[in-house]
Amino acid sequence: MNISKNKYISKIGILPVIVFLFIFLSCSAANEKYDNYIKNNPTKYEEVKFQYNEYDINNGEKKFISLTCSNCHSKENKKIIGPGLKNIYKKGDNYILRSILYPDEYILEGYKNLMPKIYKNENRKDIEDIIAYIKTFK
Ligand code: HEC
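It should be emphasised that the depicted structure is a prediction, and the values quoted were computed from it without experimental measurement.

Q: Just checking my understanding: could you explain the overall build of the chain for this structure?
A: What the chain contains, in helices and strands, is five helices and zero strands. In sequence order, the chain lays out its α and β elements as α-α-α-α-α. Among the 138 residues that make up the chain, the fraction classed as buried is 17%. Partitioning the intrachain contacts of the chain with sequence separation of at least 6 by distance along the chain shows that 65% fall at a separation of at least 24.

Q: Sorry if this is basic, but what is going on with the packing of helix H2 (residues 57–66) against helix H5 (residues 124–134) here?
A: Two quantities define a packed helix pair, namely the angle between the axes and the distance from one axis to the other. Between H2 and H5, the least distance of the axes is 7 Å, while the angle of their chain directions is 100°. Judged by the inter-axis angle, H2 sits roughly perpendicular to H5. Contacts from Ile57, Asn59, Gly60, Glu61, Lys63 and Phe64 in H2 reach Asp126, Asp129, Ile130, Ala132, Tyr133 and Ile134 in H5. Looking at the contact of H2 with H5, its residues break down into six nonpolar, two polar and four charged.

Q: Quick question: what am I supposed to make of the site of the ligand here?
A: As a structural note, the neighbourhood of the ligand is formed by 27 residues, with Cys69, Cys72, Gly82, Tyr111 and Met115 the closest of them. Elements supplying a minimum of two residues to the shell around the ligand: helix H3 (69–72), helix H4 (93–101) and H5. Taken together, the residues that form the shell around the ligand break down as 19 nonpolar, six polar and two charged.

Q: Hey, could you run me through unusual backbone geometry in this one?
A: Only a minority of non-glycine residues have a phi that is not negative, and only a minority of peptide bonds are not trans. Here Thr68, not a glycine, exhibits a phi torsion of approximately 65°, which is positive. A residue is classified by how many C-beta atoms lie within 10 Å of it, and Thr68, with 12 of them, is exposed. Even without being a glycine, Asn87 presents a positive backbone phi close to 65°. Tracing the backbone through its elements, the reader meets Asn87 in the loop between H3 and H4. What makes Asn87 exposed here is the crowd of 12 C-beta atoms within 10 Å.

Q: Would you mind showing me how to read the nonpolar core here?
A: Counting residues in hydrophobic clusters, the biggest one holds 15 residues, and the most contacted among them are Ile100, Ile130, Ile131 and Ile134. Listing elements by their share of this core, those giving two or more residues are H4 and H5. Beyond its immediate stretch of four places on either side in the chain, Ile131 contacts Asp93, Ile96 and Leu97.

Q: When you look at the environment of Ile100 in this model, what are you seeing that I'm missing?
A: Within the fold, Ile100 resides in helix H4. Expressed as a C-alpha distance, the spacing of Ile100 and Ile131, which sit 31 residues apart in the sequence, is 9.1 Å. Sequence-distant contacts of Ile100, that is, excluding residues within four places in its chain, are made with Tyr119 and Ile127.

Rules used in this analysis
- What you see as residue numbers is a count from 1 along each chain, following the sequence as written.
- Reporting of local features is limited, given that this is a predicted model, to residues whose pLDDT is at least 70; pairs of side-chain atoms are given and counted only at 80 or more, and all residues count toward the totals for whole chains, interfaces and linings.
- Under the DSSP-based scheme used, a helix requires at least four consecutive residues in state H or I and a strand at least two consecutive residues in state E, with every element numbered from the N terminus.
- Buried residues are those with 20 or more other C-beta atoms within 10 Å of their own C-beta, exposed residues have 12 or fewer, and partly exposed residues lie in between; C-beta atoms are placed from the backbone.
- Placing a C-beta atom from the backbone of each residue, one calls two residues in contact when those atoms lie within 7 Å.
- Helix axes are fitted only over the stretch in contact, all axes being lines through C-alpha atoms; the angle between N-to-C directions runs from 0 to 180 degrees.
- Orientation is classified from the angle alone, with under 35 degrees giving roughly parallel, over 145 giving roughly antiparallel, 65 to 115 giving roughly perpendicular, and any other angle giving oblique.
- In this count, Pro and Cys sit with the nonpolar residues alongside Ala, Val, Leu, Ile, Met, Phe, Trp and Tyr, while Asp, Glu, Lys and Arg are called charged and the others, Gly among them, polar.
- Any residue whose backbone-placed C-beta atom lies within 6 Å of a molecule or strand is treated as near that molecule or strand.
- Each nonpolar core comprises buried Ala, Val, Leu, Ile, Met, Phe, Trp, Tyr and Cys residues, the members being joined through C-beta atoms within 7 Å.

Written out as structure tokens, the structure reads:
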């Protein structure tokens, strides 16, 4: 009798531990999901905001060439490897910034995922200058 009572108590004793473990594990699974979500949705990152208020369009023009954008993008509608950037300003600053920093976040219909994924490591001012420059393509 005593023994079975003890067994009962130890079962009850273990229950909160199991419940705790369950909650803990499901929380860390949720955190992992959240981390993946953030990774796959970098628009949630602070860094997708513009960091400068002033632009140097001449520097943007130079960097558009030296960072090889011009190898794949024309100023007109003409497709090279990437789409022509005429009227790109209409898609909005944030879209343009994201397209450059995270090209595989959204793949334009009719194109392949060929844009280099390196520009998020470039000098941010240069990238923002490039944006000011390509927005002049009209
Ligand atoms: C190797 C070729 C290549 C290089 C270099 C390249 N891109 Fe691209 N780019 C692409 C391709 C292909 C797409 C379309 C596929 C996609 O959406 O990722 C694209 C898409 C874009 C878009 C979105 C266009 C739209 O109409 O939605 C922008 C903006 C852009 N690139 C800007 C740039 C800038 C600025 C640079 C230089 C810093 C650059 N690209 C360098 C190939 C390139």
